[in-house]
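Observations on the three-dimensional arrangement
Below, each chain spelled out in residue letters.
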Amino acid sequence: MAQPETAQDASEAAAQSGSFIEADPNLSDNESTYSSLASTGGSTSISSSVRDYAFENGRRYHKFREGRYNFPNDDLEQEREDMKHAMFLAACGDKLHYAPIGPNPNRVIDIGTGTGIWAVEMGDTYPSADVLGVDLSPIQPHWVPPNVRFVVDDAEDQWLHPSNHFDLVHARNMTYAIKDYPKLMDQAMRCLSPGGWIEFQELDYIVRSDDGSIPEDWGLKKFIKAIGEGLENLGLDLHRAEKLADEARAAGFVNVETKCMKIPIGTWPKNKLLKTVGAYTQALVLDGLQQGGYGPLCRGMGWTRDEVEVFLTGVRKSVWDSKIHSYYQLYMVYGQKPKA
């Protein structure tokens, strides 16, 4: 079946399948949520009036709460985000999560859902669960499992969800987007059911090597340093991943666990799985230099587009250097709301 091209087409398709699709009438165009309000088929269409975008340095960005997120949301970036999802699954043995939520969770929320790929796969894996994806950009697919829906919203605003509502609050690749993690954790604590779980899956963007093969002037190392400084000027901490476990405990979560694994950059590992993960990561780095550079370097450091492009030329060469045995660290941090 062809996918609908417009909101009207989506509504007509939904009517034919017995589903009813509607945007929330109480919100303005720039604040609309979009969701499937009922469904009877195997898939449900979603529509939204939040379709405006901002353009900067030749890349497309979100318009709702313009400037809150410093990275693009165009097709190239969406493809990269889906590749990053594949890399995470390869590194984690196809696990979507580590928190022990049991076989029949009721409600799951995905903070910064992006293309929605994690939420969709969670919906397929757990038919019992209502899965909600939240993002500033309406870039999620039009056809999703009937237990999955998406909302355009800012996760750092006050949550309007009821207390004791979710079984899992999930966030991935958000350290360069969330400014106030203690506030986010406090809101998650209130909205989680007793015994519910919060989970963060985050790369620590510090390039490391166990054999000392990274020179001080290595291009990617300089790039990460500049990006970190730019994001710091914008109120963000690129290297927050290793702090999340302590912050979760400070927020009152118990049974906090951290799993840490090496994510190679390049195909230098001898291990077949790590070589595959490294190939994904190298492609992600190379494809993401421009998208990752413009926001932090232009907005945060005051660089011009030409200055960024000249800088990236040397960075690309460094990433291809097979003599450098570099890696990131991936942190999987999860903790539980007390049952009492």
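Before reading on, note that the structure itself is shown above.
Structure report, in brief. Everything quoted here is computed from the prediction, not taken from an experiment. (Residues numbered from 1 in each chain as written. Predicted model: local features only at pLDDT ≥ 70, side-chain atom pairs only at ≥ 80, totals over all residues. Heavy atoms only, no water.)

Moving on, we get to helix α8 (residues 305-319). A rise of 1.5 Å per residue sets the reference length of α8, with its 15 residues, at 21 Å; its end C-alpha atoms lie 21 Å apart and thus fit the reference within 8%. Taken together, the buried residues of α8 touch α5 (219-233) and α7 (272-300). (Helix = DSSP H or I, 4+ residues; strand = E, 2+ residues; numbered from the N terminus. Expected span 1.5 Å × (residues − 1). Contact = heavy atoms within 4.5 Å.)

Per the stated rule, a full pass over the model turns up six aromatic pairs. Pairing W197 with Y334 gives two aromatic rings, centres 5.9 Å apart and planes at 55°, and the pair type is tilted. Here Y334 lies in strand β13 (residues 327-336) and W197 lies in strand β11 (residues 192-208), a separation of 137 residues in the sequence. Residue Y334 is classed as buried on the basis of its relative accessible area, which comes to 9%. One aromatic cluster is present, built from ring pairs that chain together Y176, Y205 and Y328. (Phe/Tyr/Trp six-rings, centres within 6.5 Å; stacked < 30°, edge-to-face > 60°. Buried < 20%, exposed > 50% of the residue type's maximum accessible area, 1.4 Å probe, protein only.)

Moving on, we come to the nonpolar core. By size, the foremost hydrophobic cluster in this structure holds 58 residues, and its most contacted members are M122, L220, F223, I263 and Y328. In terms of residue count, α7 provides more of this core than any other element does, eight residues in total. Ignoring sequence-local partners within four residues, the contact set of F223 consists of L289, G292, G293, F311, L312 and V315. Membership of the second largest hydrophobic core comes to 31 residues, among which are L132, A155, A177 and V256. (Core = buried A, V, L, I, M, F, W, Y, C linked by side-chain atoms within 4.5 Å.)

Among the 17 residues that make up β11, 14 are buried, leaving the element largely enclosed by the rest of the structure. Relative to β11, strand β10 (residues 166-172) runs parallel, the two sharing six bridges. Across the sheet, the residue bridging to A171 is F200, located in β11. In the classification by handedness, the crossover that spans β10, the intervening helix α4 (residues 181-191) and the parallel β11 is right-handed. (Pairing = 2+ DSSP bridges. Right-handed = clockwise from strand over helix to strand, strands pointing away.)

In this section: the pattern of salt bridges. Following the criterion strictly, the structure yields nine salt bridges and no others. Of the charged contacts in the structure, one is a salt bridge between K262 and D210, with a shortest N-O distance of 2.4 Å. One end of the pair, K262, is in strand β12 (residues 254-264); the other, D210, is in the loop between β11 and α5, with 52 residues separating them in the sequence. A residue is classified by how much of its surface remains accessible, and D210, at 55% relative accessible area, is exposed. (Salt bridge = Lys/Arg side-chain N within 4 Å of Asp/Glu carboxyl O.)

This paragraph deals with the side chain of S193. Within the secondary structure layout, S193 lies in strand β11. The residues touching S193, leaving out its near neighbours within four places in the chain, are N164, H165, F166, D167 and K337.

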